Amino acid sequence: MSSSWLVCLLALLVGVVALTQGLPLLEDLDEKSVPGGRIVGGYVTDIAQVPYQISLRYKGITTPENPYRHRCGGSIFNETTIVTAAHCIIGTVASQFKVVAGSNWRTGSDGVITNVKQIVMHEEYFSGAAYNNDIAILFVDPPLPLNNFTIKAIKLASEPPLEGTVSKISGWGTTSSAGSASNQLLAVDVPIVSNELCDQDYEDFGDETYRITSAMLCAGKRGVGGADACQGDSGGPLVVRDELHGVVSWGNKCALPNYPGVYANVAYLRPWIDAVLAGL
Ligand code: ARG
């Protein structure tokens, strides 16, 4: 009697933990889906399908004996320029990073490895709202050997995407802050959510600084959930029709039905990006 009560209590506890951790509750039966997968609800992809994706590897200043470890994603704009998130690089110096292009793996040393020479973070990052203007540009040297196959630049969007358009996000992130990271590159397809609806969704989240601004973009399966970016995907690409529209930025947990993923809005941030690229 008392032991069956214990079992019930345990099951309830596991359920509550699963919910609060935002674990994927729906798993589609697609052969390529990854049970408990990383990018949440995603599928295994190949770098040749997302050749603009890079892995940003990082080493702590006080732990020089450690290897460079995956910290964030990023996108190749041209052979010397990477677009990533401000929160990936804030409080760091360029020499703490390596950029790995053309690889399917989060760890390991295949693909092409280059150095970060200069970091330019958006000057208005976190001003006006939490995670506002979450974008940064990295200049790398030596230049990446673009090969039109596994290492390729992506165009930047100049117009925001239409609500409902399906976008593709990719990365080596986890299913939850507590989850383990994927060693293999994953992707997932998620529809764009309007800023208005997204702002309503986040109404009761965090303090009043957590607003959806025009410098942000949202994507997710509203009312359904189960498909999203997650920890470790930050800085990585949200792509619509071969153009970079978003940079993975933040969200309430991952893949919750009523909280879309939030991205830096590339089209909106274009004037800033263009100014940095022009060396202004
Ligand atoms: N901030 C996270 C990172 O540093 C990314 C969070 C994205 N979350 C989401 N639910 N889409 O990797």
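It should be noted that the structure appears before, not after, this text.
The structure displayed is predicted, hence computed values, not measured ones. (Residues numbered from 1 in each chain as written. Predicted model: local features only at pLDDT ≥ 70, side-chain atom pairs only at ≥ 80, totals over all residues. Heavy atoms only, no water.)

Describing the nonpolar core
No. 1: Leu56, Ile82, Val116 and Ile273 are the most contacted members of the largest nonpolar core, which has 40 residues in total.
No. 2: Once residues lying within four places of it in the same chain are set aside, the contact partners of Leu56 are Arg69, His70, Arg71, Cys72, Thr84, Cys88, Ile89, Phe97, Lys98, Val99, Val116 and Leu138. (Core = buried A, V, L, I, M, F, W, Y, C linked by side-chain atoms within 4.5 Å. Buried < 20%, exposed > 50% of the residue type's maximum accessible area, 1.4 Å probe, protein only. Contact = heavy atoms within 4.5 Å.)

Things to note about the side chain of Gln53
No. 1: Note that Gln53 resides in strand 2 (residues 53–58).
No. 2: A distance of 2.7 Å separates polar atoms of two side chains, one belonging to Gln53 and the other to Ser170.
No. 3: Leaving out residues up to four positions away in the same chain, Gln53 has contacts with Ile47, Gly73, Gly74, Ser170, Gly171, Trp172, Leu185 and Pro237. (Helix = DSSP H or I, 4+ residues; strand = E, 2+ residues; numbered from the N terminus. Polar contact = N/O pair within 3.5 Å; in protein donor to acceptor, adjacent residues only side chain to side chain.)

A few points about the site of the ligand
No. 1: Around the ligand there are 15 residues in total, and His87, Asp228, Gly232, Ser234 and Lys253 lie nearest to it.
No. 2: Backbone polar atom of Ala229 to a nitrogen atom of the ligand: 3.3 Å apart, as the coordinates give it.
No. 3: Burial of the ligand by the surrounding chains reaches 90%, relative to a free accessible area of 350 Å².
No. 4: Broken down by element, the residue count for the shell around the ligand peaks at three residues, all from strand 13 (residues 243–250).
No. 5: Looking at the shell around the ligand residue by residue, the classes come out as five nonpolar, seven polar and three charged. (Near = heavy atom within 4 Å. Areas by Shrake-Rupley, 256 points an atom, 1.4 Å probe, with all protein chains shown as cover. Nonpolar A, V, L, I, M, F, W, Y, C, P; charged D, E, K, R; others polar.)

Examining the state of the cysteines
No. 1: Evaluated as defined, the whole model comprises three disulfides.
No. 2: A sulfur-sulfur separation of 2.0 Å characterises the disulfide bridge that pairs Cys198 with Cys218. Residues Cys198 and Cys218 share a disulfide whose torsion about the S-S bond is about -80°; that sign makes it left-handed. Of the two residues, Cys198 sits in helix 3 (residues 195–201) while Cys218 sits in strand 11 (residues 216–219), which places them 20 residues apart along the sequence.
No. 3: On the basis of relative accessibility, which here comes to 0%, the residue Cys218 falls in the buried class.
No. 4: Disulfide partner of Cys230: Cys254, at an S-S distance of 2.0 Å. (Disulfide = S-S within 2.5 Å.)

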